[in-house]
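A structural walkthrough
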Amino acid sequence: MAPAAGTGVAMLPLVSRCWFRHAIPLAVLLLLLLYVWAWSLQVLPGCRSGAQSCVPQGPPPAQVPRQSGPPEAPEWEEPQCAGPQGALGRVVGPFRASLHPEGDVALPQYLAGWRALVRFLAPLGSIFAFATSEASAKVMALEARVHGPEAAHYSSLAAMAAWERRAGLLEPHGVAPRDPAGSSGSRTLLLLHRALRWSQLCLHRVATGTRGGPDAGAQCSDAYRTALAPHHPWLTRQAVRLAFLAFPGRGHWLELACPGAGEAEARAALARAAGTLGDVYNRTQGLLAKLDLLQLA
(Lines give C-alpha, C1' and ligand atoms only; values in the text may rest on other atoms or scores of the structure.)
Protein backbone atom coordinates (compact mmCIF):
# COMPACT_ATOMS: atom_id res chain seq x y z
CA MET A 1 0.00 0.00 0.00
CA ALA A 2 2.92 2.41 0.57
CA PRO A 3 3.78 2.79 -3.15
CA ALA A 4 0.16 3.61 -3.94
CA ALA A 5 0.15 6.33 -1.29
CA GLY A 6 3.40 7.73 -2.69
CA THR A 7 1.92 7.79 -6.16
CA GLY A 8 -1.09 9.73 -4.89
CA VAL A 9 1.15 12.30 -3.25
CA ALA A 10 3.23 12.64 -6.43
CA MET A 11 0.10 13.32 -8.45
CA LEU A 12 -1.02 16.19 -6.22
CA PRO A 13 1.14 18.87 -7.98
CA LEU A 14 -0.17 17.66 -11.36
CA VAL A 15 -3.78 17.86 -10.16
CA SER A 16 -3.14 21.32 -8.71
CA ARG A 17 -1.65 22.57 -11.97
CA CYS A 18 -4.56 21.20 -13.99
CA TRP A 19 -7.05 22.76 -11.58
CA PHE A 20 -5.27 26.13 -11.75
CA ARG A 21 -5.15 26.09 -15.56
CA HIS A 22 -8.92 25.51 -15.78
CA ALA A 23 -9.78 27.82 -12.90
CA ILE A 24 -8.35 30.95 -14.58
CA PRO A 25 -10.83 31.07 -17.51
CA LEU A 26 -13.72 30.29 -15.16
CA ALA A 27 -12.71 33.10 -12.81
CA VAL A 28 -12.36 35.51 -15.72
CA LEU A 29 -15.80 34.55 -17.05
CA LEU A 30 -17.37 34.97 -13.60
CA LEU A 31 -15.88 38.44 -13.15
CA LEU A 32 -16.96 39.52 -16.62
CA LEU A 33 -20.52 38.30 -15.94
CA LEU A 34 -20.54 40.23 -12.66
CA TYR A 35 -19.34 43.32 -14.50
CA VAL A 36 -22.08 43.05 -17.16
CA TRP A 37 -24.72 42.54 -14.46
CA ALA A 38 -23.49 45.51 -12.45
CA TRP A 39 -23.23 47.69 -15.52
CA SER A 40 -26.79 46.85 -16.55
CA LEU A 41 -27.99 48.06 -13.13
CA GLN A 42 -25.70 51.11 -13.34
CA VAL A 43 -24.30 50.45 -9.88
CA LEU A 44 -20.61 50.23 -10.75
CA PRO A 45 -18.31 51.60 -8.03
CA GLY A 46 -18.14 55.35 -8.21
CA CYS A 47 -20.97 55.70 -10.81
CA ARG A 48 -24.53 56.93 -10.50
CA SER A 49 -27.35 56.54 -13.00
CA GLY A 50 -27.43 59.55 -15.31
CA ALA A 51 -24.37 61.09 -13.66
CA GLN A 52 -20.72 61.38 -14.56
CA SER A 53 -19.25 58.25 -16.09
CA CYS A 54 -16.39 56.36 -14.48
CA VAL A 55 -13.66 58.46 -16.07
CA PRO A 56 -10.78 59.70 -13.93
CA GLN A 57 -10.16 63.41 -13.97
CA GLY A 58 -6.86 64.75 -15.23
CA PRO A 59 -5.14 65.79 -18.42
CA PRO A 60 -5.80 63.80 -21.58
CA PRO A 61 -3.11 61.36 -22.72
CA ALA A 62 -0.44 62.87 -24.90
CA GLN A 63 0.57 61.58 -28.28
CA VAL A 64 2.98 58.70 -28.26
CA PRO A 65 6.52 59.06 -29.60
CA ARG A 66 7.43 57.22 -32.75
CA GLN A 67 8.90 53.98 -31.44
CA SER A 68 11.78 52.19 -33.04
CA GLY A 69 11.66 48.48 -33.65
CA PRO A 70 14.34 45.81 -33.35
CA PRO A 71 17.25 45.70 -35.78
CA GLU A 72 15.98 44.29 -39.06
CA ALA A 73 17.83 41.68 -41.05
CA PRO A 74 19.47 43.23 -44.13
CA GLU A 75 18.17 40.68 -46.60
CA TRP A 76 14.68 42.19 -46.86
CA GLU A 77 13.23 45.65 -47.27
CA GLU A 78 9.77 44.67 -46.04
CA PRO A 79 8.99 41.44 -44.18
CA GLN A 80 6.93 39.20 -46.47
CA CYS A 81 4.26 38.64 -43.82
CA ALA A 82 3.74 42.41 -43.66
CA GLY A 83 2.81 42.44 -47.37
CA PRO A 84 -0.77 42.82 -48.64
CA GLN A 85 -1.49 39.07 -48.37
CA GLY A 86 -0.01 38.64 -44.88
CA ALA A 87 -2.01 38.75 -41.66
CA LEU A 88 -0.31 41.95 -40.55
CA GLY A 89 -0.45 43.44 -44.04
CA ARG A 90 -4.23 43.13 -44.00
CA VAL A 91 -4.24 45.11 -40.76
CA VAL A 92 -1.72 47.75 -41.75
CA GLY A 93 -3.05 48.46 -45.26
CA PRO A 94 -6.48 49.92 -44.34
CA PHE A 95 -5.12 51.82 -41.33
CA ARG A 96 -2.42 53.38 -43.48
CA ALA A 97 -5.02 54.28 -46.12
CA SER A 98 -7.14 56.03 -43.46
CA LEU A 99 -4.52 58.77 -43.06
CA HIS A 100 -5.68 61.60 -45.35
CA PRO A 101 -2.84 63.72 -46.77
CA GLU A 102 -4.60 66.85 -45.46
CA GLY A 103 -4.52 65.57 -41.88
CA ASP A 104 -7.92 63.92 -41.43
CA VAL A 105 -8.81 60.25 -40.74
CA ALA A 106 -11.08 58.44 -43.23
CA LEU A 107 -13.67 56.46 -41.29
CA PRO A 108 -14.39 53.62 -43.80
CA GLN A 109 -10.69 52.71 -44.00
CA TYR A 110 -10.22 53.16 -40.25
CA LEU A 111 -13.05 50.73 -39.55
CA ALA A 112 -11.74 48.26 -42.16
CA GLY A 113 -8.42 48.34 -40.32
CA TRP A 114 -10.17 47.62 -37.05
CA ARG A 115 -11.99 44.63 -38.53
CA ALA A 116 -8.68 43.18 -39.70
CA LEU A 117 -7.10 43.89 -36.30
CA VAL A 118 -9.94 42.06 -34.55
CA ARG A 119 -9.41 39.02 -36.78
CA PHE A 120 -5.69 39.08 -35.99
CA LEU A 121 -6.08 39.40 -32.20
CA ALA A 122 -9.04 37.07 -31.62
CA PRO A 123 -7.01 33.79 -31.62
CA LEU A 124 -4.73 35.09 -28.85
CA GLY A 125 -6.91 33.98 -25.94
CA SER A 126 -9.63 35.06 -23.52
CA ILE A 127 -8.29 38.55 -22.88
CA PHE A 128 -8.47 39.43 -26.57
CA ALA A 129 -11.75 37.56 -27.07
CA PHE A 130 -13.33 39.95 -24.58
CA ALA A 131 -11.59 43.05 -25.96
CA THR A 132 -12.29 42.24 -29.61
CA SER A 133 -15.97 41.50 -28.96
CA GLU A 134 -16.26 44.97 -27.43
CA ALA A 135 -14.39 46.50 -30.37
CA SER A 136 -16.53 44.64 -32.91
CA ALA A 137 -19.72 46.06 -31.39
CA LYS A 138 -18.32 49.59 -31.65
CA VAL A 139 -17.11 49.04 -35.21
CA MET A 140 -20.59 47.84 -36.20
CA ALA A 141 -22.20 50.86 -34.54
CA LEU A 142 -19.95 53.25 -36.47
CA GLU A 143 -20.40 51.34 -39.73
CA ALA A 144 -24.15 51.75 -39.38
CA ARG A 145 -23.56 55.51 -39.50
CA VAL A 146 -20.94 55.38 -42.25
CA HIS A 147 -23.37 53.46 -44.48
CA GLY A 148 -26.60 54.95 -43.08
CA PRO A 149 -28.89 57.76 -44.26
CA GLU A 150 -26.44 60.41 -43.00
CA ALA A 151 -23.43 58.73 -44.61
CA ALA A 152 -22.32 61.97 -46.26
CA HIS A 153 -21.50 63.37 -42.81
CA TYR A 154 -19.49 60.29 -41.73
CA SER A 155 -16.76 60.15 -44.35
CA SER A 156 -14.04 61.25 -41.91
CA LEU A 157 -13.41 62.00 -38.26
CA ALA A 158 -13.50 65.78 -38.71
CA ALA A 159 -16.66 65.68 -40.84
CA MET A 160 -18.40 63.45 -38.29
CA ALA A 161 -17.50 65.66 -35.34
CA ALA A 162 -18.61 68.83 -37.14
CA TRP A 163 -21.94 67.29 -38.14
CA GLU A 164 -22.69 65.82 -34.72
CA ARG A 165 -21.88 69.10 -33.01
CA ARG A 166 -24.18 71.07 -35.36
CA ALA A 167 -26.93 68.47 -34.94
CA GLY A 168 -26.65 68.47 -31.12
CA LEU A 169 -25.70 64.79 -31.03
CA LEU A 170 -22.59 65.04 -28.86
CA GLU A 171 -22.95 64.03 -25.22
CA PRO A 172 -21.89 66.56 -22.57
CA HIS A 173 -18.31 66.04 -21.40
CA GLY A 174 -17.97 63.05 -19.10
CA VAL A 175 -21.68 62.09 -19.18
CA ALA A 176 -22.45 58.58 -20.37
CA PRO A 177 -25.49 58.17 -22.64
CA ARG A 178 -28.52 56.45 -21.13
CA ASP A 179 -28.43 53.94 -23.97
CA PRO A 180 -24.83 53.01 -24.91
CA ALA A 181 -26.11 51.66 -28.25
CA GLY A 182 -27.25 55.19 -29.08
CA SER A 183 -23.89 56.84 -28.38
CA SER A 184 -22.69 59.49 -30.78
CA GLY A 185 -20.27 58.34 -33.44
CA SER A 186 -17.62 60.61 -31.94
CA ARG A 187 -17.90 58.95 -28.52
CA THR A 188 -17.80 55.48 -30.05
CA LEU A 189 -14.68 56.38 -32.01
CA LEU A 190 -13.01 57.72 -28.85
CA LEU A 191 -13.50 54.34 -27.17
CA LEU A 192 -12.01 52.55 -30.19
CA HIS A 193 -9.16 55.05 -30.17
CA ARG A 194 -8.19 54.09 -26.61
CA ALA A 195 -8.32 50.39 -27.46
CA LEU A 196 -6.09 51.04 -30.48
CA ARG A 197 -3.45 52.49 -28.16
CA TRP A 198 -3.44 49.30 -26.10
CA SER A 199 -3.12 47.14 -29.21
CA GLN A 200 -0.31 49.32 -30.54
CA LEU A 201 1.61 49.20 -27.27
CA CYS A 202 1.14 45.45 -27.00
CA LEU A 203 2.43 44.76 -30.53
CA HIS A 204 5.41 47.05 -30.07
CA ARG A 205 6.48 45.53 -26.76
CA VAL A 206 6.11 41.97 -28.00
CA ALA A 207 8.20 42.89 -31.06
CA THR A 208 10.99 44.62 -29.15
CA GLY A 209 11.09 42.68 -25.87
CA THR A 210 14.48 41.23 -25.03
CA ARG A 211 15.16 37.61 -24.22
CA GLY A 212 15.28 37.14 -20.50
CA GLY A 213 13.21 40.28 -19.94
CA PRO A 214 9.49 40.53 -19.08
CA ASP A 215 7.33 38.05 -20.97
CA ALA A 216 4.59 39.07 -23.41
CA GLY A 217 1.88 38.80 -20.74
CA ALA A 218 3.68 41.18 -18.39
CA GLN A 219 4.38 43.65 -21.19
CA CYS A 220 0.81 43.68 -22.53
CA SER A 221 -0.57 43.85 -18.99
CA ASP A 222 1.53 46.95 -18.43
CA ALA A 223 0.23 48.34 -21.74
CA TYR A 224 -3.32 47.77 -20.49
CA ARG A 225 -2.60 49.64 -17.27
CA THR A 226 -1.26 52.54 -19.34
CA ALA A 227 -3.94 52.77 -22.03
CA LEU A 228 -7.22 51.33 -20.76
CA ALA A 229 -7.25 50.62 -17.01
CA PRO A 230 -7.77 54.30 -16.05
CA HIS A 231 -11.05 54.23 -17.98
CA HIS A 232 -12.37 50.89 -16.67
CA PRO A 233 -14.28 50.12 -13.45
CA TRP A 234 -12.82 47.90 -10.75
CA LEU A 235 -14.56 44.67 -11.85
CA THR A 236 -13.22 44.93 -15.38
CA ARG A 237 -9.68 45.63 -14.15
CA GLN A 238 -9.76 42.52 -11.94
CA ALA A 239 -11.08 40.34 -14.76
CA VAL A 240 -8.36 41.57 -17.09
CA ARG A 241 -5.69 41.02 -14.44
CA LEU A 242 -6.73 37.37 -14.13
CA ALA A 243 -6.95 36.92 -17.90
CA PHE A 244 -3.33 37.97 -18.30
CA LEU A 245 -2.28 34.93 -16.24
CA ALA A 246 -3.17 32.80 -19.27
CA PHE A 247 -1.70 35.19 -21.83
CA PRO A 248 0.08 33.56 -24.82
CA GLY A 249 3.85 33.69 -24.98
CA ARG A 250 5.93 35.75 -27.39
CA GLY A 251 6.52 32.74 -29.64
CA HIS A 252 2.79 32.31 -30.26
CA TRP A 253 2.50 35.98 -31.19
CA LEU A 254 5.39 35.75 -33.65
CA GLU A 255 4.05 32.58 -35.26
CA LEU A 256 0.62 34.16 -35.66
CA ALA A 257 2.15 37.30 -37.19
CA CYS A 258 4.47 35.48 -39.61
CA PRO A 259 3.68 31.75 -39.91
CA GLY A 260 6.81 29.80 -40.71
CA ALA A 261 9.09 32.85 -40.67
CA GLY A 262 12.18 33.37 -38.56
CA GLU A 263 12.06 35.29 -35.32
CA ALA A 264 13.84 38.34 -36.70
CA GLU A 265 11.40 38.69 -39.61
CA ALA A 266 8.37 38.24 -37.36
CA ARG A 267 9.66 40.82 -34.88
CA ALA A 268 10.34 43.29 -37.71
CA ALA A 269 6.82 42.79 -39.09
CA LEU A 270 5.22 43.33 -35.67
CA ALA A 271 7.32 46.44 -35.10
CA ARG A 272 6.29 47.90 -38.47
CA ALA A 273 2.61 47.17 -37.76
CA ALA A 274 2.92 48.80 -34.34
CA GLY A 275 4.52 51.83 -36.01
CA THR A 276 1.55 52.23 -38.36
CA LEU A 277 -0.93 51.88 -35.51
CA GLY A 278 1.07 54.52 -33.64
CA ASP A 279 0.80 56.88 -36.63
CA VAL A 280 -2.98 56.41 -36.76
CA TYR A 281 -3.27 56.86 -33.01
CA ASN A 282 -1.27 60.08 -33.09
CA ARG A 283 -3.28 61.51 -35.98
CA THR A 284 -6.56 60.64 -34.24
CA GLN A 285 -5.33 61.91 -30.87
CA GLY A 286 -4.42 65.26 -32.38
CA LEU A 287 -7.79 65.61 -34.09
CA LEU A 288 -9.77 64.62 -31.00
CA ALA A 289 -7.83 67.14 -28.92
CA LYS A 290 -8.30 69.90 -31.51
CA LEU A 291 -12.04 69.17 -31.69
CA ASP A 292 -12.35 69.03 -27.87
CA LEU A 293 -13.62 65.44 -27.88
CA LEU A 294 -11.16 63.66 -25.58
CA GLN A 295 -13.45 63.93 -22.55
CA LEU A 296 -16.61 62.53 -24.16
CA ALA A 297 -16.11 59.22 -22.36
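These notes cover the structure that comes with them. (Residues numbered from 1 in each chain as written. Predicted model: local features only at pLDDT ≥ 70, side-chain atom pairs only at ≥ 80, totals over all residues. Heavy atoms only, no water.)

1. Here we look at the overall build of the protein
- When helices and strands are tallied, the protein shows ten helices and zero strands.
- Put simply, the protein runs from its N terminus to its C terminus through helices and strands in the order α-α-α-α-α-α-α-α-α-α.
- Put simply, the protein has 297 residues, and 46% of those count as buried.
- Contacts in the protein between residues far apart in sequence, at least 24 positions, make up 74% of those at least 6 positions apart.
- Here the protein has roughly 15000 Å² of accessible surface; of this, 62% comes from carbon and sulfur atoms. (Helix = DSSP H or I, 4+ residues; strand = E, 2+ residues; numbered from the N terminus. Buried < 20%, exposed > 50% of the residue type's maximum accessible area, 1.4 Å probe, protein only. Contact = heavy atoms within 4.5 Å. Areas by Shrake-Rupley, 256 points an atom, 1.4 Å probe, with all protein chains shown as cover.)

2. A closer look at the state of the cysteines
- Within this structure, the stated rule accounts for one disulfide.
- Note on cysteine connectivity: Cys202 is disulfide-linked to Cys220, with sulfurs 1.8 Å apart. Taking the torsion about the sulfur-sulfur bond, which here is approximately 115 degrees, the covalent link between Cys202 and Cys220 counts as right-handed. Residue Cys202 is found in helix α6 (residues 185–208), and its partner Cys220 is found in helix α7 (residues 216–227); the two are separated by 18 residues along the sequence. (Disulfide = S-S within 2.5 Å.)

3. Description of the nonpolar core
- Ranked by internal contacts, the top residues of the largest apolar core, which has 67 residues, are Phe95, Tyr110, Trp114, Leu196, Trp253 and Leu270.
- Leave out the neighbours within four places in its chain, and Leu270 touches Leu88, Phe120, Leu203, Val206, Ala207, Leu254 and Ala257. (Core = buried A, V, L, I, M, F, W, Y, C linked by side-chain atoms within 4.5 Å.)

4. Some points on the packing of α6 against helix α10 (residues 263–290)
- The contact between α6 and α10 brings their axes to 8 Å, and the two run at 150 degrees. The angle between α6 and α10 falls in the class roughly antiparallel. Crossing of α6 over α10 shows left-handed handedness. Taking contact as the criterion, the partners of Leu189, Leu190, His193, Leu196, Arg197, Ser199, Gln200, Leu203, His204, Val206, Ala207 and Thr208 in α6 are, on α10, Arg267, Leu270, Ala271, Ala273, Ala274, Leu277, Gly278, Val280, Tyr281, Thr284, Gln285 and Leu288.
- Per-class residue counts for the contact of α6 with α10 are 14 nonpolar, eight polar and two charged. (Axes fitted to C-alpha atoms, helices over the stretch in contact; angles between N-to-C directions. Parallel < 35°, antiparallel > 145°, perpendicular 65-115°, else oblique. Left-handed = near helix turned anticlockwise from the far one by under 90°. Nonpolar A, V, L, I, M, F, W, Y, C, P; charged D, E, K, R; others polar.)

5. What to know about α10
- In this model, α10 (28 residues) spans 40 Å end to end at C-alpha, consistent with the 40 Å of a helix rising 1.5 Å per residue.
- Within α10, 20 of the 28 residues are buried, which leaves it mostly tucked inside the rest of the structure.
- Backbone geometry just after α10 places Asp292 at a positive phi near 60 degrees. (Expected span 1.5 Å × (residues − 1).)

6. Notes on the environment of Gly113
- Summarising the element assignment, Gly113 is placed in helix α3 (residues 107–121).
- Discounting residues that sit within four places of it in the chain, Gly113 has contacts with Val91, Pro94 and Phe95.

7. Some words on the packing of aromatic side chains
- Summed over all chains, the structure comprises two aromatic pairs.
- Pairing Phe95 with Tyr110 gives two aromatic rings, centres 5.7 Å apart and planes at 85 degrees, and the pair type is edge-to-face. Separated by 15 residues along the polypeptide, Phe95 in helix α2 (residues 87–97) and Tyr110 in helix α3 bring together distant segments of the chain. In this structure, Phe95 and Tyr110 share a single accessibility class: buried.
- When the ring of Trp198 is compared with that of Tyr224, the centres are 5.8 Å apart and the planes differ by 70 degrees; the resulting orientation is edge-to-face. Placement of Trp198 in helix α6 and of Tyr224 in helix α7 is noted, with a sequence separation of 26 residues between them. Across this residue pair, the class does not change: Trp198 and Tyr224 are buried.
- When the ring centre of Tyr281 is taken as origin, the NZ or CZ atom of Arg197, which lies over that ring, is 5.7 Å away. (Phe/Tyr/Trp six-rings, centres within 6.5 Å; stacked < 30°, edge-to-face > 60°. Lys NZ or Arg CZ within 6 Å of the ring centre and 35° of its normal.)

8. Describing α2
- For α2, every residue scored as buried is listed here: Leu88, Gly89, Val91, Val92, Pro94 and Phe95.
- Those residues of α2 that are buried lie in contact with α3, α6, α9 (250–257) and α10.

9. Looking at the pattern of salt bridges
- Considering all chains together, one arrives at six salt bridges under this definition.
- In this structure, Arg115 and Glu143 form a salt bridge, with 2.8 Å as the shortest nitrogen-oxygen distance. Separated by 28 residues along the polypeptide, Arg115 in helix α3 and Glu143 in helix α4 (residues 126–146) bring together distant segments of the chain.
- Residue Asp222 pairs with Arg225 through a salt bridge whose shortest N-O separation is 3.5 Å. One end of the pair is Asp222 and the other is Arg225, both in helix α7 and three residues apart, which spans about a single turn. (Salt bridge = Lys/Arg side-chain N within 4 Å of Asp/Glu carboxyl O.)

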